[in-house]
Amino acid sequence: LVFRLGGDEFLVLLPRTTTPRAETIVKSIDARMEQHREFSPHRIGISIGIATLPSPDSSFEEALKAADSAMYRIKAQRKEHS
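Notes on the structure in this doc start here. (Residues numbered from 1 in each chain as written. Predicted model: local features only at pLDDT ≥ 70, side-chain atom pairs only at ≥ 80, totals over all residues. Heavy atoms only, no water.)

1. A look at the overall build of the protein
When its secondary structure is counted, the protein shows two helices and two strands. N-terminal to C-terminal, the α/β element order of the protein is β-β-α-α. Judged by the C-alpha coordinates and their principal axes, the protein covers about 45 × 25 × 20 Å. Each of the 82 residues in the protein was classed as buried or not, and the buried ones make up 11%. In the protein, once contacts between residues fewer than 6 apart in sequence are set aside, the share between residues at least 24 apart is 34%. Taken as a whole, the protein presents about 6900 Å² of accessible surface, with 56% of it coming from carbon and sulfur. Counting 12 positive and 11 negative side-chain charges, the protein places the centres of these two groups 4 Å from one another. (Helix = DSSP H or I, 4+ residues; strand = E, 2+ residues; numbered from the N terminus. Buried < 20%, exposed > 50% of the residue type's maximum accessible area, 1.4 Å probe, protein only. Contact = heavy atoms within 4.5 Å. Areas by Shrake-Rupley, 256 points an atom, 1.4 Å probe, with all protein chains shown as cover. Lys, Arg positive; Asp, Glu negative; His and termini not counted. Charge placed at Lys NZ, Arg CZ, Asp CG, Glu CD.)

Okay, here's the thing in structure tokens:
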């Protein structure tokens, strides 16, 4: 399930997906983006954060905040290496 949060931020929900499977999906998305970067006259970037609900009692807001923090860590790492 894909939702636009606003601006250039999107949320992808992967119900009943393990963290390792989510990481595989993220790598696949990143690889596809990399294929298109070479054909674009503009710099295209993508940063993806992953979070899971550790228990049924966890809130969606907690997971969203964790994913957002993870995304900003990835974004900072990519800026350091560019």
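Resuming the write-up.
2. Section: helix H1 (residues 19-37)
Here H1 contains 19 residues, and its C-alpha end-to-end distance of 27 Å stays within 8% of the 27 Å for a straight helix at 1.5 Å per residue. Of all the positions in H1, only Ala22, Val26 and Arg37 are classed as buried. Around the axis of H1, the buried residues are gathered within 65 degrees of arc, so they sit on the same side. Turned more than 90 degrees from where H1 packs its buried face, Pro20, Lys27 and Arg32 sit exposed. Packing partners of the buried residues in H1 comprise helix H2 (60-81). (Expected span 1.5 Å × (residues − 1). Arc of directions from axis to C-beta.)

3. A short note on H2
Since the α-helix advances by 3.6 residues per turn, residues separated by three or four positions end up pointing in the same direction. A rise of 1.5 Å per residue sets the reference length of H2, with its 22 residues, at 32 Å; its end C-alpha atoms lie 32 Å apart and thus fit the reference within 8%. Taken residue by residue, H2 has Ala63, Ala67, Ala70 and Met71 as its buried positions. All buried residues of H2 project into a common sector of 105 degrees when viewed along the axis, lining one side. Facing away from the buried surface of H2 by more than 90 degrees, the exposed residues are Glu61, Glu62, Lys65, Arg73, Lys79 and Glu80. In this fold, the buried residues of H2 make contact with strand E2 (9-12).

4. Thoughts on a nonpolar patch on the surface
Side chains of Val2, Phe10, Val12 and Leu14 sit close together on the surface and give an oily, nonpolar patch of about 380 Å² of accessible area. Its place among the elements puts Phe10 in strand E2. (Patch = residues over 30% accessible without salt bridge, like charges linked within 9 Å, V, L, I, M, F, W, Y side chains within 5 Å. Salt bridge = Lys/Arg side-chain N within 4 Å of Asp/Glu carboxyl O.)

5. Points about the pairing of strand E1 (residues 2-6)
In the sheet, E1 pairs with E2 via four bridges, with the strands oriented antiparallel. Note on E2: the bridge partner recorded for Arg4 is Phe10. The antiparallel pairing of E1 with E2 creates a hairpin that spans two residues between the two strands, and Gly7 there sits at a positive phi of about 55 degrees. (Pairing = 2+ DSSP bridges.)

6. Observations regarding the environment of Leu1
Residue placement: Leu1 occurs in the segment before E1. Taking the C-alpha atoms as reference points, Leu1 and Leu14, 13 residues apart in sequence, are found 6.8 Å from one another.

None of the figures reported here should be taken as evidence of function without further support.
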